[in-house]
Amino acid sequence: MDTSGVRRVVRDTVLDAYDGRSRWLRTHPIVIATSRPGGAALETGANEAVQEEELATAIPKLFLARKRAAVERALGKDVPLPSRLLPVRVALPRPDAAKPLRAGPGPVSAAAFSLVAVGVPVAVSVLVAAAQPAPRPPSCGEGLEIVGVDCVGVSDGTGVFMPGVDGMRVVFAKIEAENARIAGLAHATVALMIPMESETPAVRTQILSEVQGAYLAQLQANAPDAAKPPIRLVLVNPGPDYRHWSRTVDMLIKREPNLRFVAGFNLSLENTQQAVWNLTNVRRIPVVGGLVTSGDMANPETQDRAKDPFPGLARVVSTAREQAEALLTFDAELAGAETALVADTRPKDNYNESLRAAFTEARKGKKGTGVQDMTFRSPDLEAPGITPNRFEDFALNICQSRARFVYFAGRGFHLELFVKKLASTYCSGKKSYTVISGSGATTLADRLDDAERELLKGDPGGGRPSVSIQYAAPAHPQAWDAEIRKWTKQNTRNGVAPGRDQLPRHLAEPQEALRDLRARSIAAKLGNVRLEDGRTIIMHDVVLTAAKALAKAVAVGSVEVPSAELVKEILADLNAAYRIRGASGWICLTSAGNPYDKAVAVVELNPAVKELAFKGIAWPEGAPPGDACVVPQD
């Protein structure tokens, strides 16, 4: 029996986490001990104290930080190794409200020490030792496990995530059949890692689109006339917010000996960043990122590749900052003085931070709005908290200003709440607002029902402004047809339009790729394949990039299945003649693995129109990359 109140509080906090959404903590054995004030202090590698409620995330982060430091030290870098001691600040309950002692199994032990005063740090010694094996979790499908309330794991198509979602069983069965067809051939495995469960209908639709896009790229890579190697596609669910990434990466490495790429990554969060860091630095597996648009998840454009934080990372979408800059350059009016900024300051969300930085830069030096930046802190990706209350105040402030354009640096869920609050706030001095946001807005069209669209139409004559939303989308199915029509009109001379052979290749090749993708989606008999939000298109291009890198590595290495190290070296060559002819536009990778001057589709959600309106293509460099797609030397 442990009679020390401090150790008991820490113990029960960790055990509660075991029983809840963080049962994966069992992979991190710990010992709880108390110390006198200052007794746990170290000269180097000391860790900052955390609150007891932060333990569920602080312990795995400490293990990861030690692994990172060990890798860097092995490379000769002079970095301190974080201490195994994690100080915890505990507020003990009053003696009359003491929590009853709790019994329960687990690898947490506590020796009897004297009671520690309230607020004094407790040293949690993280011992790198073998833990007692945890009971095997129940299954939620073949190869899948239930961890807390999440169904996580690695599926080759047999085990189905969200089987109740219309279309999910169909695409998983198709992937299973294609994997079985090429099982006897020398092949490479590409893993699609994205959160594959959600309670939100719009996010479920997005997940289905991304899985369909990955499968359609697998079909293209495995076509009879395609270059080797054929692709085995597996689907990895790291849980919501990528919270179980460590567990699922371990499962993936054990189950897929031919793993050569991990693709996907559609949320710019700290957990995502940790997963990509682990894969590229510790596991040495190349990664192709999808809608991870934070600048913190991109290698810097320097000549010293040894300093890359993510060696072997390729990205197919511009950063949130590049998207915002391209969007504001596309329409000079959007970067004018009559703007307001609404930004989410929730910690560890790199997407929000990047977007806010870009919009802040755009407003710098612009006077006349009469309204300062408005910030809120959301509780989670899909949780409102008190944000509706904050948005009500923001809407009134914006009404009192001259602002007609509102920059919104936040996630799709909170964007929906904001635009509805803006539309429902009486403001006789405004006829309309345009809200500007990033690629996270792609789910907004699916989030709004007919009544909410009617609300956004407003009643300018009655004092309710209409609200439209413009954002930088990763892709749009009308993009290339519309851009080619515009180019043809501009280059028609004396009533004679230029022939197709005269079209710029940066327009003609993506148009052809998108047409092929449409045809393949119909032939595959997947049911409804939605291209409007760009998710199917972009995930197709993500897996296609992995397939093209593998094919080039086969040619260079003269082997049927190239090594992961060779594939990583090839990524820097995927430009110019070896560009990826993606349906979202050319993908021309720099030596750092970033897409050079990647096309950005400017899209408008006008509540008066049912379909999303394509406004045009914006270019991060201010102009198209040219027919050669050569990355310039800085």
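Here, residues in each chain are numbered from 1, in the same order as that chain's written sequence. This being a predicted model, a pLDDT of at least 70 is required before a residue's local features are given, and a value of 80 or more before pairs of side-chain atoms are given or counted; all residues contribute to the totals for chains, interfaces and linings. Hydrogens and water molecules were not included; the side-chain quantities draw on all heavy atoms of the structure.

1. Considerations on the layout of surface pockets
If you roll a probe as big as a water molecule over the atoms, it shows you where there is empty space left.
Here comes step 1: Within this model, the second largest pocket holds a volume of roughly 770 Å³.
Here comes step 2: In this analysis, the protein atoms alone were mapped onto a 1 Å grid. Cavities are point sets where a 1.4 Å probe fits without being able to get out; pockets are open sets with protein on both sides within 12 Å along at least five of seven lines; lining residues have an atom within 4 Å of a point. What lines the second largest pocket is a set of 38 residues, and nearest its centre among them are Glu197, Ser198, Val203, Leu381 and Glu382.
Here comes step 3: Those elements giving two or more residues to the lining of the second largest pocket turn out to be strand E7 (150–155), helix H4 (201–221) and helix H10 (412–424).
Here comes step 4: When the residues that make up the lining of the second largest pocket are grouped by side-chain class, the tally is 16 nonpolar, 10 polar and 12 charged. Grid points are joined across faces, edges and corners, and a volume is the space filled by probe spheres set on the points. Secondary structure counts use DSSP, requiring at least four H or I residues in a row for a helix and at least two E residues in a row for a strand, with both numbered from the N terminus. Under the scheme applied, nonpolar residues are Ala, Val, Leu, Ile, Met, Phe, Trp, Tyr, Cys and Pro; charged residues are Asp, Glu, Lys and Arg; polar residues are all the others, including Gly.

2. Observations concerning the confidence of the model for the chain
Here comes step 1: Values of pLDDT, which run from 0 to 100, indicate the predictor's confidence residue by residue. Looking at the chain, the pLDDT average stands at 84 and 82% of residues meet or exceed 70.
Here comes step 2: Residue contacts are defined here by distance: any two heavy atoms, one from each residue, within 4.5 Å place the two residues in contact. Taken as a whole, residues 20–24 scores under 50 in pLDDT and shows 20 contacts with residues more than four places along the chain or in a different chain.
Here comes step 3: Across residues 94–134, confidence stays below pLDDT 50; counting only partners more than four residues off in sequence or on other chains, it has 95 contacts.

3. Some remarks on the state of the cysteines
Here comes step 1: A pair of cysteine sulfur atoms is labelled a disulfide when the two atoms are within 2.5 Å. Per the counting criterion, the structure on display carries 3 disulfides.
Here comes step 2: Here Cys588 pairs with Cys629 through a disulfide, and the sulfurs are 1.5 Å apart. Handedness of the Cys588-Cys629 disulfide follows from its S-S torsion of about 110°: it is right-handed. Note that Cys588 is positioned in the loop between strand E19 (585–587) and strand E20 (600–605) and Cys629 in the segment after strand E21 (613–618), a separation of 41 residues in sequence. The pair formed by Cys588 and Cys629 is uniform in burial state, with each residue classed as buried.
Here comes step 3: For the chain, the disulfide bridges join cysteines in the arrangement 1-2, 3-4, 5-6, where the cysteines are counted in sequence order. Only protein chains enter the accessibility calculation, which uses a 1.4 Å probe; a residue is then buried when its area is under 20% of its type maximum, exposed when over 50%, and partly exposed in between.

4. A short note on unusual backbone geometry
Here comes step 1: With an omega dihedral of 0°, the bond running from Lys228 to Pro229 counts as a cis peptide bond.
Here comes step 2: With respect to the secondary-structure elements, Pro229 resides in the loop between H4 and strand E9 (231–237).
Here comes step 3: Positive phi is not limited to glycine here, since Ser558 has a value of about 55°.
Here comes step 4: Among the secondary structure elements, Ser558 is positioned in the loop between helix H15 (535–557) and helix H16 (564–570).
Here comes step 5: Classification of Ser558 by relative accessible area gives exposed; the value is 65%.
Here comes step 6: A positive phi angle, close to 55°, is found at Cys629, a residue other than glycine.

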